[in-house]
Amino acid sequence: MFAFDSKTRIIKTSHGEIQTPVFMPVGTNATVKSLSPEDLKAIGSQIILANNYHLFLRPGSENVQKLGGIHKFMNWDRPILTDSGGFQLWSLKGKYSEDGVEFKSQIDGKNFFWTPEDAIQSQIQIGADIIMALDVCTPDKASHADTKKAMDITHSWLKRCKNVAGDTTLFGIIQGGMHKDLRIESAKFVVDQDLPGIAVGGETIGYNMDGTEEVMSWISDILPKDKPKYAMGLGLRPSDLVRAVKCGFYMFDCVAPTRLARNGALYCKDSPTERIDISKSIYALDENPIDNCCDCPTCKTYSRAYLHHLFKCKELLFYRLASMHNLRVMIRTVTKLSSHHQS
RNA sequence: UCCGUGGUAGCUCAAUGGUAGAGCUCUUCGCUGUUAACGAAGAUGUUCGGGGUUCGAGUCCCUGCCACGGAG
């Protein structure tokens, strides 16, 4: 079950509604690192993302299915989107052909071969509310010829994914790198498939925000108003989300908030870099919260000095408190944009 | 008091008589559909003091100081 109301910008799924624009915390291994489902709800997470590639390798998509599906498995009753694994297979240097992609398990080095149909079947077994087509990610600086080749495979795979998705909500992914004609061609192709949602992917997206805005401007007129538009991997900084929403995109995911949190970089709007490095000794006696205006559980209770101390000691509580803060900042950022649009 | 062992970077310790190093700490930088509670770079020395041997001593010899262990 899937529906999108373009007036309220609310997505409806069988696991509940999602008010867009939305930021989806990344829970690669059926967990958002260091956080419980209760923690995620406390900071307003409406939907989370999990990863097909990782869950396929461990515990195995079939096992997730046997255990009642990912919602039951991880005790998360709100919507879940799975990434197809396209990005992982690209970054792990999988060998691509028209037929599929050959890759090595990062866990034990075992060889696998996935057709686009395999990637869909695995995601259906996992049981996400929204699944992604298997695509070929394109590097920021790829030549026109290489980009076209990757795009053509992505398109033919999208049709094959669609053929086996059945009732499951499938999003297609626009590729085309930094080449205007290819992005336009790809956008038209994906739109023509008439899928419930449309994503834009590629290394550029989120990684190079000026390039991202350019890509979005090329395709904005082609994209339908009545479907959710998802910018994959975008969300390094809160301001990136603001820029992308202005370009008409409403769904985002990024590992940055949680990874940066674990590495001591905490979002703070008072800083020119939009974040502070809590490891620095200037915070050792700083009794202020990370951000005075933040409404997250961490800022309501704990000081920079305490977080600095926990980080220096590599105490486990730090990762949880820091992750809740960074995710809350991202979620609040897009929530504010939602109310602006409606008023 | 005697015997033994040791003293090298802030810490724990390397270094056949031949340019004093590592890990941690510290400082700085990075992190983008998570191979990432990670990665990269940088800083730091009267080698306990004083003498001696040697072309050359952290290293060998003498001596003092300090720490630890054992004996009394």
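The numbers attached to residues start from 1 for each chain and follow its sequence in the written order. Whichever chain is written first is A, and whichever ligand is written first is 1; the rest continue in order. Reporting of local features is limited, given that this is a predicted model, to residues whose pLDDT is at least 70; pairs of side-chain atoms are given and counted only at 80 or more, and all residues count toward the totals for whole chains, interfaces and linings. Neither water nor hydrogens contribute to the side-chain values; these are computed over all heavy atoms in the structure.

(A) View of the protein's contact with RNA strand B. Whether a residue is near a molecule or strand depends on its heavy atoms: if one lies within 4 Å, it is near. The immediate surroundings of RNA strand B are formed by 38 residues, with Phe-87, Gln-88, Gln-106, Val-255 and Tyr-319 found nearest. A breakdown of the atoms of RNA strand B within 4 Å of the protein gives sugar and phosphate a share of 51%. By the criterion applied in these results, polar contacts are pairs of N or O atoms within 3.5 Å in which, for protein atoms, one can donate a hydrogen and the other can accept it, and in which residues neighboring in sequence qualify only through two side-chain atoms. Val-255 is positioned such that a nitrogen or oxygen atom in its backbone is 2.3 Å from a phosphate oxygen of RNA strand B. At 2.7 Å from a base oxygen of RNA strand B is found a side-chain nitrogen or oxygen belonging to Thr-258. We count a stretch as a helix when DSSP gives it H or I for four or more residues in a row; a strand needs E for two or more, and each element gets its number in order from the N terminus. Listed by contribution, the elements that provide at least two residues to the surface near RNA strand B are strand 5 (48-51), helix 5 (86-91), helix 9 (204-207), strand 14 (251-254), helix 12 (256-262) and helix 15 (316-342). A total of five residues in the surface near RNA strand B trace back to one element, the largest contributor, which is helix 12. Considering only residue class, the surface near RNA strand B consists of 16 nonpolar, 13 polar and nine charged. Ten residues, namely Ala, Val, Leu, Ile, Met, Phe, Trp, Tyr, Cys and Pro, are considered nonpolar, four, namely Asp, Glu, Lys and Arg, are considered charged, and the remaining ones, Gly among them, are considered polar.

(B) Just the domain arrangement of chain A, in detail. The domain boundaries here were taken from an automatic or database domain assignment. Structurally, chain A comprises domain 1 (2-254) and domain 2 (262-321). If you average the C-alpha positions of domain 1 and of domain 2, the two centres end up 31 Å apart. Contact with domain 1, which involves ten residues of that partner, is made by seven residues of domain 2. Buried area: the sum, over both parts, of the accessible surface (1.4 Å probe) that disappears when the two are put together. Taking both partners together, domain 1 and domain 2 bury about 730 Å²; carbon and sulfur atoms supply 51% of that area. When residues of domain 1 are sorted by the area they lose upon contact with domain 2, Lys-33, Ser-34 and Pro-238 head the list and together hold 43% of the total. Whenever a carboxyl oxygen of Asp or Glu lies within 4 Å of a side-chain nitrogen of Lys or Arg, that contact is scored as a salt bridge. Applying the counting criterion to the domain 1 and domain 2 interface returns one salt bridge. Should any heavy atoms of two residues lie within 4.5 Å, those residues are considered in contact.

(C) The nonpolar core, seen in detail. Nonpolar cores are built from buried Ala, Val, Leu, Ile, Met, Phe, Trp, Tyr and Cys residues. Side-chain atoms within 4.5 Å join them into one set. For each residue, the accessible area found with a 1.4 Å probe, counting protein chains only, is set against the maximum for its type, and the residue is called buried under 20%, exposed over 50%, and partly exposed in between. Grouped together as the largest cluster of nonpolar side chains are 86 residues, with contacts concentrated most on Phe-23, Ile-70, Val-200, Leu-234, Phe-252 and Phe-318. When residues in this core are grouped by element, the largest group, eleven residues, is from helix 15. Excluding anything up to four places from it in sequence, Leu-234 contacts Phe-23, Ile-205, Gly-206, Met-209, Thr-212, Met-216, Asp-240, Leu-241, Ala-244, Phe-252, Asp-253 and Cys-254. Counting 18 residues, the second largest nonpolar core, distinct from the first, contains Phe-4, Ile-18, Val-26 and Phe-171.

(D) Local environment of the sheet that holds strand 2 (residues 10-13). Across the sheet, which stays open at both edges, the three strands sit in the order 1-2-3 with antiparallel pairing between neighbours. Two strands close off the open sheet at either side, each with one partner strand: strand 1 (2-5) and strand 3 (16-19). Put simply, the sheet's adjacent strands are angled 15° from each other on average, direction ignored. Examined bridge by bridge, strand 2 and strand 3 share four bridges and lie antiparallel to one another. Bridge assignment links Ile-10 to a residue of strand 3, and that residue is Gln-19. Strands are treated as partners if at least two bridges between them are detected by DSSP. With axes taken as lines fitted to C-alpha atoms, and helix axes fitted only over the stretch in contact, angles between N-to-C directions fall between 0 and 180 degrees.

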